[in-house]
Amino acid sequence: MLDQNDLQAIAALIKNEVEPINKRLDNVDSRLDKIETRLDNIEEDIEVIKEDSQITREVTNKIGEWVDFYFHDDKPYPLDEDEAERYRERLRLAK
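### Quick notes on the overall build of the chain
Then, number 1: Looking only at helices and strands, the chain has 2 helices and 0 strands in total.
Then, number 2: For a compact globule of 95 residues, the expected C-alpha radius of gyration is about 12 Å, and the chain comes in at 35 Å, more than 25% above that figure.
Then, number 3: With respect to the principal axes defined by its C-alpha atoms, the chain has extents near 105 × 25 × 20 Å.
Then, number 4: Residues classed as buried in the chain amount to 3% of the 95 residues present.

Structure below.
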């Protein structure tokens, strides 16, 4: 049967074997914290990009409407391919 000294020796062996594992797990936790921080930053950046894209889309659509309203007779918006080709041809001939 095991006495108190044997149990303490076994406990010390187990502790020595588990200590490197605990250190590695602490290192993994630290790295995961860094990854989470980076992912949070990426998510924030994506939200900013989405907002900027929405603003750009709205402004572009308004510019297109403005161009179509004020210049529809001269240059309909959007140009169809035939009209664009005729316009390019006139530019080539003007040179």
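Now that the structure has been shown, we can carry on.
### Side note on a negative patch on the surface
Then, number 1: Together, Asp26, Asp29, Asp33, Glu36, Asp40, Glu43, Glu44 and Asp45 give the surface a local cluster of negative charge.
Then, number 2: Considering the arrangement of structural elements, one finds aspartate 33 in helix 1 (residues 4–71).
Then, number 3: Residue aspartate 33 is classed as partly exposed on the basis of its relative accessible area of 47%.

### Section: helix 1
Then, number 1: Taking 1.5 Å of rise per residue, 68 residues should cover 100 Å, and helix 1 covers 97 Å from first to last C-alpha, within 8% of that figure.
Then, number 2: Where helix 1 bends most, the angle comes to about 30°, and this point is valine 18, followed within four residues by the proline proline 20.

### Comments concerning a nonpolar patch on the surface
Then, number 1: Where nonpolar side chains cluster on the molecular surface, the patch consists of Val28, Leu32, Ile35, Leu39, Ile42 and Ile46 and spans about 500 Å² of accessible area.
Then, number 2: Summarising the element assignment, leucine 32 is placed in helix 1.
Then, number 3: On the basis of relative accessibility, which here comes to 43%, the residue leucine 32 falls in the partly exposed class.

### Topic: the pattern of salt bridges
Then, number 1: Scanning the entire structure with this criterion turns up 5 salt bridges.
Then, number 2: Residues lysine 23 and glutamate 19 are paired through a salt bridge, measuring 3.7 Å at the closest nitrogen-oxygen approach. Here lysine 23 and its partner glutamate 19 are both found in helix 1, 4 residues apart, which amounts to about one turn of the helix.
Then, number 3: In this structure lysine 23 comes out as exposed when scored by relative accessible area, which is 54%.
Then, number 4: A salt bridge links glutamate 47 to lysine 50; the shortest N-O distance between them is 3.7 Å. In this pair, glutamate 47 and lysine 50 are both assigned in helix 1, 3 residues apart and thus about one turn of the helix distant.
Then, number 5: Classification of glutamate 47 as partly exposed rests on a relative accessible area of 48%.
Then, number 6: What emerges from the salt-bridge pattern is a single network uniting Glu85, Arg88, Glu89 and Arg92.

Rules used throughout
Throughout, a residue's number is its position along its own chain's written sequence, starting from 1. Local features are withheld for residues below a pLDDT of 70 in this predicted model, meaning they are given only at 70 or higher, and side-chain atom pairs are given and counted only at 80 or more; totals for whole chains, interfaces and linings count all residues. To get the side-chain values, all heavy atoms of the structure are used, and hydrogens and water are removed first. Here a strand is any run of E in DSSP of at least two residues, a helix any run of H or I of at least four, and the numbering for each starts at the N terminus. Computation of the radius of gyration draws on C-alpha atoms, with the globule rule given as 2.2 Å multiplied by the number of residues to the power 0.38. We call a residue buried when its accessible area falls under 20% of the maximum for its residue type, exposed when it is over 50%, and partly exposed in between, using a 1.4 Å probe and counting protein chains only. Distance thresholds for patches are 9 Å for like charges and 5 Å for nonpolar side chains (Val, Leu, Ile, Met, Phe, Trp, Tyr), applied to residues having over 30% relative accessible area and no salt bridge. Working definition of accessibility: Shrake-Rupley area with a 1.4 Å probe, residue cover restricted to the visible protein chains. Whenever a carboxyl oxygen of Asp or Glu lies within 4 Å of a side-chain nitrogen of Lys or Arg, that contact is scored as a salt bridge. Within this scheme the basic residues Lys and Arg register as positive and the acidic residues Asp and Glu register as negative, but His and the chain ends are omitted. The atoms used to mark charge sites are NZ of Lys, CZ of Arg, CG of Asp and CD of Glu. Expected helix span is computed as 1.5 Å times (number of residues minus one). Here the bend at a residue means the angle between the axes of two seven-residue stretches, the one that ends at it and the one that starts at it.

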